[in-house]
Amino acid sequence: MMYEQIQETANWLKTKMPSHPTTAIILGTGLGRLAEEISVTMSIDYKDIPHFPISTVEGHTGRLIFGKLGDKDILAMQGRFHYYEGYSMQEVTFPIRVMYELGIKTLFVSNASGGTNPDFSIGDMMVLTDHINYFPEHPLHGPNFPTGPRFPDMHATYDKELIQLADEIAKEKGIKLQHGVYLGTQGPTFETPAEYRMFRIFGADAVGMSTVPEVIVAHHCNIRVFGISIITDLGVEGKILEVSHEEVQKAANAVQPVMADLMREMIKRSAL
Ligand code: HPA
């Protein structure tokens, strides 16, 4: 039973963890640089953690890090589990349930995405104000977990105060920040022009292959969520070019220093 596995994993980690962080970060595409700024007190490969799935995609390492960012204790996931890799939604969101058991109260998530908003440029950072769940399987499918209600409200999934804080910091530092709706799709294909058009009509500003499952589960656990995306390519009519994983990585890498700057400051100033 999954609930027992979560307990076992959490209990195993509790006997080893050197600190009790309330802030967690999923270091997705774009936050690799931030990882380098963490003073690591303990790092465990996913493969050594009981019941943890193992990350397989190139450019994504798989380890759980306990450490400090500035003077703040944090828990960081370096590498996440994508649905397109073949994991079930239960596996994709397993680490979030473990985080909850460990006492995490705030979650920062980053990703790379294709912009469908015609006002966006490659290299823009977009704060997630909302999302559209376009995955074929729901992460809360099945018996309800006692961490939240059977029918969770989703009207304010992305924490308004954290969005405001991001805007304040961006203003101070002269960082350009977009706001928008992230649509999460299963991948692994990038979109056809017709699909980008459809997602734009749906109300998406950006499309990607992650984040939504983890955010839904975090929200169900009453964890505050802040999400940010790097626009690495454009799904806008007339601007659509061939996309590859390498180009996505390259565009994301270029933005890393600014992203790290913003996130470091956010984690420093977000109370709890
Ligand atoms: N579509 C889906 N996922 C992505 C994209 C995209 O255009 N860019 C980066 N991740």
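Preceding block: the structure.
Summarised in this report is the structure supplied together with it. Since we're looking at a predicted model, the values are computed, not measured.

Let's talk about the site of the ligand
Okay, step 1: Neighbouring the ligand are Ala112, Ser113, Gly114, Phe190, Glu191, Tyr196, Val207, Gly208, Met209, Thr232, Asp233 and Val248.
Okay, step 2: One of the backbone N or O atoms of Ala112 is found 3.4 Å from a nitrogen atom in the ligand.
Okay, step 3: At 2.6 Å, a side-chain N or O of Asp233 approaches an oxygen atom of the ligand.
Okay, step 4: Listed by contribution, the elements that provide at least two residues to the shell around the ligand are strand 5 (106-115), strand 8 (206-208) and strand 9 (224-234).
Okay, step 5: Among the elements that take part in the shell around the ligand, strand 5 stands out by supplying three residues, more than any other.
Okay, step 6: In terms of residue class, the shell around the ligand is built from six nonpolar, four polar and two charged.

Re the pattern of salt bridges
Pairs may arise between side chains of opposite charge once their charged atoms sit close together.
Okay, step 1: Throughout the structure, instances matching the rule amount to twelve salt bridges.
Okay, step 2: Between Asp73 and Lys68 there is a salt bridge, with the nearest N and O atoms lying 3.0 Å from each other.
Okay, step 3: On the basis of relative accessibility, which here comes to 27%, the residue Asp73 falls in the partly exposed class.
Okay, step 4: For Lys68, a relative accessible area of 35% gives the class partly exposed.
Okay, step 5: One salt bridge connects Lys173 with Asp261, and the closest N-O pair in it is separated by 3.2 Å. Pair noted here: Lys173 is in helix 4 (residues 160-173) and Asp261 is in helix 7 (residues 245-269), with a separation of 88 residues, a long-range link.
Okay, step 6: One salt-bridge network, in which partners are shared between bridges, spans Glu37, Lys173, Asp261 and Arg264.

A look at unusual backbone geometry
The phi angle of most residues is negative, glycine excepted, and most peptide bonds adopt the trans form.
Okay, step 1: Cis geometry is adopted by the peptide bond preceding Pro188, which originates at Gly187 and carries an omega value of 0°.
Okay, step 2: Structurally, the position occupied by Pro188 is in the loop between strand 7 (177-184) and helix 5 (193-202).
Okay, step 3: Here Thr211, not a glycine, exhibits a phi torsion of approximately 70°, which is positive.
Okay, step 4: Mapped onto the secondary structure, Thr211 falls in the loop between strand 8 and helix 6 (212-220).

Concerning helix 7
Okay, step 1: In this model, helix 7 (25 residues) spans 33 Å end to end at C-alpha, consistent with the 36 Å of a helix rising 1.5 Å per residue.
Okay, step 2: At Gln256, helix 7 shows its maximal bend, which comes to roughly 50°, and the proline Pro257 appears one to four places after that position.

Analysis parameters
Residues numbered from 1 in each chain as written. Predicted model: local features only at pLDDT ≥ 70, side-chain atom pairs only at ≥ 80, totals over all residues. Heavy atoms only, no water. Near = heavy atom within 4 Å. Polar contact = N/O pair within 3.5 Å; in protein donor to acceptor, adjacent residues only side chain to side chain. Helix = DSSP H or I, 4+ residues; strand = E, 2+ residues; numbered from the N terminus. Nonpolar A, V, L, I, M, F, W, Y, C, P; charged D, E, K, R; others polar. Salt bridge = Lys/Arg side-chain N within 4 Å of Asp/Glu carboxyl O. Buried < 20%, exposed > 50% of the residue type's maximum accessible area, 1.4 Å probe, protein only. Expected span 1.5 Å × (residues − 1). Bend = angle between axes of the 7 residues up to and from the residue.

Shape is all these values report; function is a separate question.
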